[in-house]
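# Close look at the chain arrangement
Residue-level listing of the chains:
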Amino acid sequence: MVGVIGRFAPSPSGALHMGSLVAALGSFLQARAQGGKWLLRIDDLDIPRVESGAINKIVDTLEFFGLRWDGEVLYQSGRRDDYARAITYLKAAGYAFDCGCTRREARSGRAGIEGPIYPGTCRRGLPAGRTARSIRLRVSEAPIVVTDAIQGCYTQRLDRDIGDFVIRRADGIVAYQLATVLDDAYQGVTEVVRGADLLSSTPRQIAIQQALGLHTPLYAHLPVVVDETGEKLGKSTGAIPLRPRNGAAQLFQCLRWLGQSPPDTLHDVSVSRLLEWSLDNWSLSRVPGAPRLGGR
């Protein structure tokens, strides 16, 4: 019987912040409370966005908060050959196609849930005089249903909501959607626990899994941490990096956000003591839902 395998997969575009810690802690507790493994993967494919020293900061931060992973860290930058083989298969099998459109041309379609939908210009072959720039996955009209352990049933029709989407960018970098699917399969991940801001990406990932004949893991999307104005805390919004002090107090705050209700007596204990309580008392069913970002 295959045991539970969870993972945390940050991008090294900056230091971890409170929202990152909530995602890391939730995925860690969900895996370890079931006696499973918790893996660390660094999503470092997008080279222009990689910040010097960020990987060391991420590793140090996780260790400071007692979130130790199993095995070696996996780096996406070392898996390019596997991504290339998958793309070759998807194109040969008719699931993917070359696209010669510029960014402006690709965004000339009607509105979807994450911006303009690709108008299908190159779906039946490159127009005369065009050369391939990106590669897109060919989507269908069949609805894709995500049965999320926190958010409930979430459905998209990719042709209507997203359109044929990029799996390799014009600059040659493999897109997040394809890389994360292949890495989860490679590492044997059985449960993907991450922020609800990625819920709308999940149908695209399931479409890739279906095209490649891969297993679909359990998905559980945690509530996104927001500021007092309701804006998501993230690197792009200038979220303050985590402080390398008062570790238990910061974990305590994350547990409250995750609906776990630790007693006030644990506010000032050691990190190890708080994690011990957390593992003994973790319940995914107590994690609150979050507003849906697109879809229905």
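Just above, that's the structure.
Quick summary incoming for the structure in this document. These numbers were taken from a predicted model, which means no experiment stands behind them.

### A few points about the overall build of the protein
- Looking only at helices and strands, one finds nine helices and twelve strands in the protein.
- For the protein, whose C-alpha radius of gyration is 20 Å, the value lies close to the compact-globule estimate of 19 Å for 296 residues.
- Along the first, second and third principal axes, the C-alpha atoms of the protein reach 70 × 45 × 35 Å.
- Counting the 296 residues in the protein, one finds 49% classified as buried.
- Contacts spanning at least 24 positions in sequence make up 76% of the contacts within the protein whose residues lie at least 6 apart.
- Split by element, the accessible area of the protein, about 14000 Å² in all, is 51% carbon and sulfur.
- If the 36 positive side-chain charges of the protein are averaged to one point and the 30 negative ones to another, these points end up 6 Å apart.

### A word on the side chain of Ser-201
- Looking at where Ser-201 falls in the secondary structure, it is placed in the loop between strand S11 (191–195) and helix H7 (202–212).
- Judged by its relative accessible area of 8%, Ser-201 is buried.
- A polar contact is formed between the side chain of Ser-201 and the side chain of Gln-177, at a distance of 3.3 Å.

### A short note on helix H2 (residues 54–64)
- Those residues of H2 that fall on the buried side of the exposure criterion are Ala-54, Ile-58, Val-59, Thr-61 and Leu-62. The arc enclosing the buried residues of H2, seen along the axis, measures out at 165°, which places them on a common side.
- Its buried side turned inward, H2 meets strand S1 (5–8), helix H1 (18–32) and strand S2 (37–42).
- One or two steps after H2, the chain reaches Gly-66, where phi turns positive at roughly 75°.

### Some thoughts on the packing of aromatic side chains
- Overall, the coordinates contain four aromatic pairs when judged by the stated rule.
- Residues Phe-28 and Trp-38 carry aromatic rings whose centres are separated by 5.2 Å and whose planes lie at 90° to one another, so their mutual orientation is edge-to-face. A residue pair is termed long-range when its members are at least 10 positions apart, and Phe-28 in helix H1 and Trp-38 in strand S2 qualify at ten residues. For the pair shown, Phe-28 and Trp-38 are each scored as buried.
- Look at Phe-97 and Tyr-118: their rings are 6.2 Å apart centre to centre, the planes differ by 35°, and that puts the pair in the tilted class. Separated by 21 residues along the polypeptide, Phe-97 in strand S4 (residues 96–99) and Tyr-118 in the loop between strand S6 (115–116) and strand S7 (134–137) bring together distant segments of the chain. As far as the burial class goes, Phe-97 and Tyr-118 line up, both buried.
- Here a set of aromatic residues connected by ring pairs shows up, and it is made of Phe-8, Phe-28 and Trp-38.
- Residue placement shows Arg-68 over the ring face of Trp-69; its charged tip is 4.1 Å from the ring centre.
- Taking NZ or CZ as reference, Arg-79 lies 4.2 Å from the ring centre of Tyr-186, over its face.

### With respect to the side chain of Arg-79
- Mapped onto the elements of the fold, Arg-79 is located in the loop between strand S3 (74–75) and helix H3 (80–92).
- In this structure, Arg-79 is in contact with Leu-74, Leu-182, Asp-183 and Tyr-186, ignoring residues within four places of it in sequence.

### Looking at the sheet that holds S7
- Reading across from one edge, S4-S7-S10 is the order of the three strands in this open sheet, with antiparallel pairing throughout. Each edge of the open sheet carries a strand with a single partner, namely S4 and strand S10 (165–168). Averaged over all pairs of adjacent strands, the angle between strand axes in this sheet comes to 45°, irrespective of strand direction.
- Summarising the sheet, S7 and S10 pair through three bridges and their orientation is antiparallel.

### Considerations on the nonpolar core
- Judged by nonpolar contacts, the single largest core of 41 residues is most densely connected at Phe-8, Leu-21, Leu-25, Trp-38, Leu-62, Leu-67 and Leu-251.
- Secondary structure elements with two or more residues in this core: H1, S2, H2, strand S12 (218–222), helix H8 (247–257) and helix H9 (271–281).
- With residues near it in sequence (within four places) discarded, Phe-8 still touches Leu-16, Ser-20, Ala-23, Ala-24, Ser-27, Trp-38, Leu-39, Leu-40, Arg-41 and Leu-62.
- In this structure, Tyr-83, Ile-144, Ile-162 and Leu-212 belong to the second largest nonpolar core, which totals 33 residues.

### Some words on the environment of Ser-11
- Its location among the elements puts Ser-11 in the loop between S1 and H1.
- The exposure class assigned to Ser-11 is partly exposed, which follows from its relative accessible area of 25%.

### Section: the sheet that holds S3
- Strand order in the open sheet formed by three strands is S1-S2-S3, with parallel pairing between adjacent strands. Only two strands of the sheet have a single partner each, and these edge strands are S1 and S3.
- For S1 and S2, the ladder comprises four bridges, and the chain directions are parallel. Of the residues in S2, the one forming a bridge with Phe-8 is Leu-40.
- Contacts from helix H6 (residues 176–186) reach S1, S2 and S3, with the element oriented near 145° to S2.

Definitions and limits used
The numbering scheme is per chain: residues are counted from 1 as the chain's sequence reads. Local features in a predicted model are, by the rule used here, given only for residues with pLDDT of at least 70; side-chain atom pairs are given and counted only at 80 or more, and totals for whole chains, interfaces and linings are based on all residues. Hydrogens and waters are ignored; side-chain quantities use all the structure's heavy atoms. A helix here means a DSSP run of H or I that spans at least four residues, while a strand means a run of E at least two residues long, and both kinds are numbered starting from the N terminus. Computation of the radius of gyration draws on C-alpha atoms alone. For the globule rule, the value is 2.2 Å times the number of residues to the power 0.38. Buried residues are those whose accessible area, probed at 1.4 Å on protein chains only, stays under 20% of the maximum for their type, while exposed residues exceed 50% and partly exposed ones sit between those limits. Between two residues, a contact is recorded if the distance between any of their heavy atoms is within 4.5 Å. For the accessible areas, the method is Shrake-Rupley and the probe is 1.4 Å, while residue cover comes only from the protein chains on display. The sign given to each residue is positive for Lys and Arg and negative for Asp and Glu; His and the chain ends receive no count. Taken as the charge location is NZ of Lys, CZ of Arg, CG of Asp or CD of Glu. We define a polar contact as two N or O atoms separated by no more than 3.5 Å, with the added condition that, inside protein, one atom must be a possible hydrogen donor and the other a possible acceptor, whereas residues neighbouring each other in sequence contribute only through side-chain atom pairs. Picture the helix axis, draw a direction to every C-beta atom, and the arc is the one those directions span. In summary, the pairing rule links any two rings of Phe, Tyr or Trp, Trp by its six-membered ring, whose centres are within 6.5 Å, and it sorts them by plane angle into stacked for under 30 degrees, edge-to-face for over 60 and tilted for everything else. Note on criteria: charge over ring means Lys NZ or Arg CZ within 6 Å of the ring centre, with the direction from the centre no more than 35 degrees off the ring normal. Any two strands with at least two DSSP-identified bridges between them are counted as paired. Note on geometry: axes are C-alpha line fits, over the in-contact stretch for helices, and angles between N-to-C directions span 0 to 180 degrees. Grouping buried Ala, Val, Leu, Ile, Met, Phe, Trp, Tyr and Cys residues that are joined through side-chain atoms within 4.5 Å yields what is termed a nonpolar core.

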